[in-house]
Amino acid sequence: HIATSLPLPSERDHLRPRIDLVVFMIDIKSKYSLKNVETSLAHVDASFFLGKVCFLVTGVGRVNACSIETNAICKLGEAYCSPMLFCELELEGVRVATAQRLLRMLQICAGYIPGVSALSFVSLMRNSDDD
Amino acid sequence: EIVDPQKTAFLLRKAWTLYSVTPLYRFRRARLRDYARLLGAFIAAEKQKGLAVEVGVELDIKVAVSSLADLRGSEQDQAAVLVQLSLRSQASSRNSEDKLVWSGWFCSVYGDDLSENVPEDFTCLPLFLTHGAESYTSMVGRWFQKTFDCCFRRLAISPLNLSWMVAMWAGCKLDRAASAVELVFSVPRLSQPLDISYAIHPEDAKALWDTVQKTPGEITQEEVDVFMDCLYAHFHRHFRIHLSAAKLVKVSTAVASAHCDGIVKILHSQYLSGVLMLLTELAISQIQ
């Protein structure tokens, strides 16, 4: 399901299936997309931040079109304890690889991979901080 | 500090195309006359090879290479080097002057980040600015690359850096009445390209910056963000358009103007050092 911002319209709540993973997309060329994500984050229930939220930063291939400071984005990921993926949608190889990663994450969040739960993502994040 | 306004007058009010240059190997300041001669010969040879690609690009060229002692930031910086290409005058030598057709200059203003880390035989002049036909730039660039084993790259300026520039320059105090602060945005993904030009009265822009900046002489990313957010919010209030979703392509102030393709115009000598320092920093980060 794709939405341009949160909260989702309440009219369709009863028709909506369970949400296993929320991916927030930030376009590095648009400051507006960062602001939009920041306001939308407030509408997400706290329980999602135990591994069921991730950030996808797009447009990273073009360094010269960058409107957002990378520091600001990384701080966002740290503040919400959620993984941050960087990709360039215009490159097919990267697009496919990123889609595969997201699918893998979704499988884990939906409980299809025995022995691994969404909470693993949170502990992975903490380990890289200690390094 | 760059002091002599007469020597730097040639810089002002010209559109300079920016390049980053890697350090020059075995560049000797004592040999500037030799270099001028060798570059002249190279250009003549290009003419022989029939490589004049543009109509109106003459190749009977006289080359002058000079050192601009005062054009630098700190003592660690190398003094700037100016290359000028003039058309040899065809008429009799009495009243005719050679016509300047192309200028390019290498400089470094507070480029210590780069010069600290290079071995002995290298000269660091990371910023290269050109004015004139692209064919000349290409020839001069090729000769320098061949002779000093360096590498030139066009220096593009990201929207992030452009917003730093407009915040910094809009806040500069100027004696005379200043021109408007203008930001030009390009709107992506439309069937026909759309440019939005946002002009602000310079006093309003300066007043806004003065309320945002906490420590004079210091600028932080947060302050630049607040400044830009105020401008975006004001525009949105009036026109219901989110400029933050568009691409900032050009900024223009009374101090200087800059375009994302890496073209700058310096309009005021008072802040020349500050502008060159920022451009040097951009050039260095592109090299590293």
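Because the structure is predicted, anything quoted here is derived from the model rather than measured. (Residues numbered from 1 in each chain as written. Chains lettered and ligands numbered in written order. Predicted model: local features only at pLDDT ≥ 70, side-chain atom pairs only at ≥ 80, totals over all residues. Heavy atoms only, no water.)

Participant: Please provide a residue-by-residue account of helix 6 (residues 202-212) of chain B, values included.
Facilitator: For the α-helix, the turn length of 3.6 residues means that residues three or four positions removed from each other point alike. Residues and elements named next belong to chain B. All of the buried residues in helix 6 are Pro-202, Ala-205, Trp-209 and Val-212. One face of helix 6 carries all of its buried residues, which in axial projection span an arc of 90°. Away from the buried face of helix 6 by more than 90 degrees, exposed residues Glu-203, Asp-204 and Thr-211 are located. Those residues of helix 6 that are buried lie in contact with helix 5 (159-170), strand 9 (181-187), strand 10 (194-200) and helix 7 (221-239). (Buried < 20%, exposed > 50% of the residue type's maximum accessible area, 1.4 Å probe, protein only. Helix = DSSP H or I, 4+ residues; strand = E, 2+ residues; numbered from the N terminus. Arc of directions from axis to C-beta. Contact = heavy atoms within 4.5 Å.)

Participant: Outline the sheet that holds strand 1 (residues 22-27) of chain A, supporting the account with residue identities and numerical values.
Facilitator: Residues and elements named next belong to chain A. One open sheet holds the three strands; their spatial order is 1-2-3, and the pairing between them is parallel. Looking at strand neighbours, the two that pair on one side only are strand 1 and strand 3 (84-87), the edges of this open sheet. The mean angle between the axes of side-by-side strands here comes to 25°, regardless of whether they run parallel or antiparallel. Taken together, the four bridges between strand 2 (residues 53-58) and strand 3 define a ladder with parallel strand orientation. Note on strand 3: the bridge partner recorded for Phe-55 is Met-84. This element, helix 1 (residues 31-41), spans strand 1 and strand 2 of the sheet and lies at about 155° to strand 1. In the packing of helix 2 (residues 70-79) onto the sheet, contacts are made with strand 1, strand 2 and strand 3, and the angle to strand 3 comes to roughly 145°. (Pairing = 2+ DSSP bridges. Axes fitted to C-alpha atoms, helices over the stretch in contact; angles between N-to-C directions.)

Participant: Kindly report on the environment of Gly-40 of chain B, identifying the contributing residues and their values.
Facilitator: Position of Gly-40 of chain B relative to the elements: it lies in helix 2 (residues 32-48). On the basis of relative accessible area, Gly-40 of chain B is assigned to the buried category, the value being 17%.

Participant: Report on the environment of Cys-81 of chain A, specifying residues and quantitative values.
Facilitator: Residue and element names in this part refer to chain A. Mapped onto the elements, Cys-81 comes out in the loop between helix 2 and strand 3. A relative accessible area of 38% places Cys-81 in the partly exposed class. Spatially, the C-alpha atoms of Cys-81 and Val-122 are 6.6 Å apart, while their sequence positions differ by 41 residues.

Participant: Explain the nonpolar core to me, using residue names and the numbers behind them.
Facilitator: Proteins that are soluble and globular tend to have nonpolar side chains buried together. Residues and elements named next belong to chain B. Grouped together as the largest cluster of nonpolar side chains are 59 residues, with contacts concentrated most on Trp-105, Leu-127, Met-165, Leu-183, Phe-185, Met-228 and Leu-276. If one sorts the elements of this core by residue count, helix 8 (residues 272-287) sits on top with seven residues. Two domains each donate at least three residues to this core, and these are domain 1 (5-154) and domain 2 (159-260). Tyr-35, Leu-85, Phe-128 and Met-139 belong to the second largest nonpolar core, which has 28 residues in total. (Core = buried A, V, L, I, M, F, W, Y, C linked by side-chain atoms within 4.5 Å. Domains from an automatic or database assignment.)

Participant: Any details on the packing of aromatic side chains? Residues and values, ideally.
Facilitator: All names here are of chain B. One pass over the full model with this rule turns up 23 aromatic pairs over all chains. Where Tyr-19 meets Phe-128, the ring centres are 5.9 Å apart and the plane angle is 50°; that geometry is what we call tilted. Placement of Tyr-19 in strand 1 (residues 15-21) and of Phe-128 in strand 7 (residues 127-132) is noted, with a sequence separation of 109 residues between them. One exposure class covers both Tyr-19 and Phe-128, and it is buried. When the centroid spacing of 5.6 Å and the interplanar angle of 40° are considered together, the rings of Phe-144 and Phe-148 count as tilted. Placement of both Phe-144 and Phe-148 in helix 4 (residues 134-148) is noted, with a separation of four residues, approximately one turn of the helix. For Phe-144, a relative accessible area of 3% translates into the label buried. Aromatic ring contacts, followed pair by pair, group Tyr-19, Phe-27, Tyr-35, Trp-102, Phe-106, Phe-128, Trp-143, Phe-144, Phe-148 and Phe-152 into a single cluster. (Phe/Tyr/Trp six-rings, centres within 6.5 Å; stacked < 30°, edge-to-face > 60°.)

Participant: Can you explain helix 1 of chain A? Please cite residues and give values.
Facilitator: Within helix 1 of chain A, burial applies to Lys-31, Ser-33, Leu-34, Asn-36, Val-37, Ser-40 and Leu-41 of chain A. Contacts from the buried residues of helix 1 of chain A go to strand 1, strand 2 and helix 2 of chain A together with helix 7 of chain B.

Participant: Could you give an account of the domain arrangement of chain B, naming the residues involved and the relevant values?
Facilitator: Accessible area lost upon the coming together of the parts serves often as the stated size of an interface. What the domain assignment reports for chain B is domain 1 (5-154) and domain 2 (159-260). Each of domain 1 of chain B and domain 2 of chain B has a C-alpha centre, and these two points are 33 Å apart.

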